[in-house]
Amino acid sequence: MSAARCPGPGPNALTPEPARPPARPRVAQSAAERWLATAEVVGTSIRAQWADLRTSPLAYLLGVVQPLVFLLVTLAPQTDPPAAEGTRAAFGVLLTAFWGSTVWSAAGILRRERTQGTLARTLAGVRDPRLVILGKSFGSSLVAVSLVTATVGGTLALLRQPVRLDGGGWLLLGLLLVVLSGTGAGLLVGSLFVLSRHGPQLSSALMYPVYLLGGMLIPLALVPDWLDWLSWGISLRWLQQYLVAAAGGRPDLAALAAAVALTAGYAIAGAWLFRRITDLARRQATVELY
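Novice: So what exactly am I meant to see when it comes to empty space enclosed by the protein here?
Specialist: Using the criterion set out here, one finds two cavities of 30 Å³ or more in the structure. Estimated volume of the largest cavity: approximately 50 Å³. Breaking the lining of the largest cavity down by element, the ones donating at least two residues are α2 (57–75), α3 (83–106) and α6 (129–159). A per-element tally of the lining of the largest cavity places α6 first, with four residues. Residues belonging to the lining of the largest cavity are distributed by class as follows: five nonpolar, four polar and no charged.

This is how it looks when you write it as structure tokens:
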């Protein structure tokens, strides 16, 4: 019986394995892919919200009709108001109309998602639902600021009302912060809408106190001292103070810092509440999704 032969080494047996690519480039590429995916989700959500608002009569009511009425009521009783008064009225109307749009539009996104039956798909989808809602809220705030700014600017031009706009880049920074503040507040208030069964009542309860205490159209000097401290927690109060000062060429950095801190607080609280909604919906099924 012949001895069994052991197969010899193949021609490539001694060839070293190809070196693996270093881990660092793969990590960097993975991070870049995640950023691109995040940007795609947010961008798609913004476009979807824009498409929805283009056909919404409420968006034009809050972004065109409301600021037009506010501005006429504020400036009409005065005879040739000076540029300083026109500037203060312009930013007061902008922020007041923006807050109304935030409550009924940006903050109502989650409520409309539930009414239309799409909230369950958003929470159970493969994409991070926080990115979807943040993208829609940002898109809604951006549309609101654009509509209100165009309306206020056009009305001031027709009235030939002088204003001061010496801030330049400081004003653009303030308007960007207005959009971000509306996004954070929209997520926070929208989460409260979903957790509560009394969304419309909550909307009214939040809207009018901010109108009265935000110092936008009603000067804070007219607010009683025992209520004045409540305005410290309203970012629009500090944004009004900052924008008026920046328009005069002297930006109020303390007011800017307060607005940034409050905006961050709104966003953190809103993200926590939205995570709570997601947990209740997925694990306990105690949130009404329809």
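Novice: What exactly am I supposed to notice about the packing of α3 against α6 here?
Specialist: Helix-helix packing is described using two parameters, namely the angle between the two axes and the distance between the axes. It is at 9 Å that the axes of α3 and α6 come closest, and there the two elements cross at 145 degrees. Every pair of crossing elements has a handedness; the one defined by α3 and α6 is right-handed. Two secondary-structure elements touch here, α3 through Ala90, Val93, Leu94, Ala97, Phe98, Ser101, Ser105 and Ala106 and α6 through Ser137, Ser140, Ser141, Ala144, Val145, Val148, Thr149, Val152 and Leu156.

Novice: I would appreciate a short explanation of the packing of α3 against helix α10 (residues 235–247) in the present structure.
Specialist: Close contact between α3 and α10 brings their axes to 10 Å; oriented N to C, the two are set at 150 degrees. Classified by the interaxial angle, the pair formed by α3 and α10 is roughly antiparallel. Two packed elements cross with a definite hand, and for α3 against α10 that hand is right-handed. Residues Thr87, Arg88, Phe91, Gly92, Leu95, Phe98 and Trp99 of α3 lie in contact with α10, whose contacting residues are Leu236, Leu239, Gln240, Leu243, Val244 and Ala247. A breakdown of the residues in the contact of α3 with α10 according to their chemical character gives nine nonpolar, three polar and one charged.

Novice: Help me understand the pattern of salt bridges, please; the structure alone is not making it clear to me.
Specialist: Opposite charge on two side chains lets them pair, provided their charged atoms get close. Inspection of the entire model under this criterion finds one salt bridge. The residue Arg164 makes a salt bridge to Asp166 at a minimum N-O spacing of 3.0 Å.

Novice: Sorry, what's going on with the layout of surface pockets here?
Specialist: The probe, sized like a water molecule, is rolled over the atoms to show the empty space still left. As a volume, the largest pocket reaches approximately 320 Å³. Every residue lining the largest pocket is counted, 19 residues in all, and those nearest its centre are Trp99, Val210, Gly233, Ile234 and Tyr266. Contributing elements (two or more residues each) for the lining of the largest pocket: α3, α7 (169–195), α8 (199–213) and α10. In terms of residue count, α7 provides more of the lining of the largest pocket than any other element does, six residues in total. Of the residues assigned to the lining of the largest pocket, the class counts are 14 nonpolar, five polar and no charged. Taken as a whole, the second largest pocket encloses approximately 250 Å³ of empty space. Every residue lining the second largest pocket is listed: Thr87, Ala90, Phe91, Leu94, Thr149, Val152, Gly153, Leu156, Val163, Leu165, Leu171 and Leu175. Partitioning the lining of the second largest pocket into residue classes produces nine nonpolar, three polar and no charged.

Novice: Please explain the confidence of the model for the protein as it appears in this structure.
Specialist: The predicted coordinates of low-pLDDT regions are not to be read in fine detail. Taken residue by residue, the protein gives an average pLDDT of 81. The fraction at 70 or more is 83%. Looking at the elements of the protein, mean pLDDT is at its lowest for helix α5 (residues 119–124), recorded as 70, and at its highest for α10, recorded as 94. Confidence drops under pLDDT 50 across residues 11–17; counting only partners more than four residues distant or on other chains, this segment forms zero contacts. A low-confidence stretch, residues 23–29 stays under pLDDT 50, and its non-local contacts, those more than four residues away or across chains, total one contact.

Novice: Is there a simple way to explain the side chain of Ser45 in this structure?
Specialist: Structurally, the position occupied by Ser45 is in helix α1 (residues 23–54). Excluding residues within four positions of it along the chain, Ser45 makes contact with Leu131, Val132, Gly135 and Lys136.

Rules and cut-offs
- Residues numbered from 1 in each chain as written.
- Predicted model: local features only at pLDDT ≥ 70, side-chain atom pairs only at ≥ 80, totals over all residues.
- Heavy atoms only, no water.
- 1 Å grid on protein atoms, 1.4 Å probe; cavity = no way out; pocket = protein on both sides within 12 Å on 5 of 7 lines; lining within 4 Å.
- Points joined across faces, edges and corners; volume = space filled by probe spheres on them.
- Helix = DSSP H or I, 4+ residues; strand = E, 2+ residues; numbered from the N terminus.
- Nonpolar A, V, L, I, M, F, W, Y, C, P; charged D, E, K, R; others polar.
- Axes fitted to C-alpha atoms, helices over the stretch in contact; angles between N-to-C directions.
- Left-handed = near helix turned anticlockwise from the far one by under 90°.
- Contact = heavy atoms within 4.5 Å.
- Parallel < 35°, antiparallel > 145°, perpendicular 65-115°, else oblique.
- Salt bridge = Lys/Arg side-chain N within 4 Å of Asp/Glu carboxyl O.
- pLDDT = per-residue confidence, 0-100.

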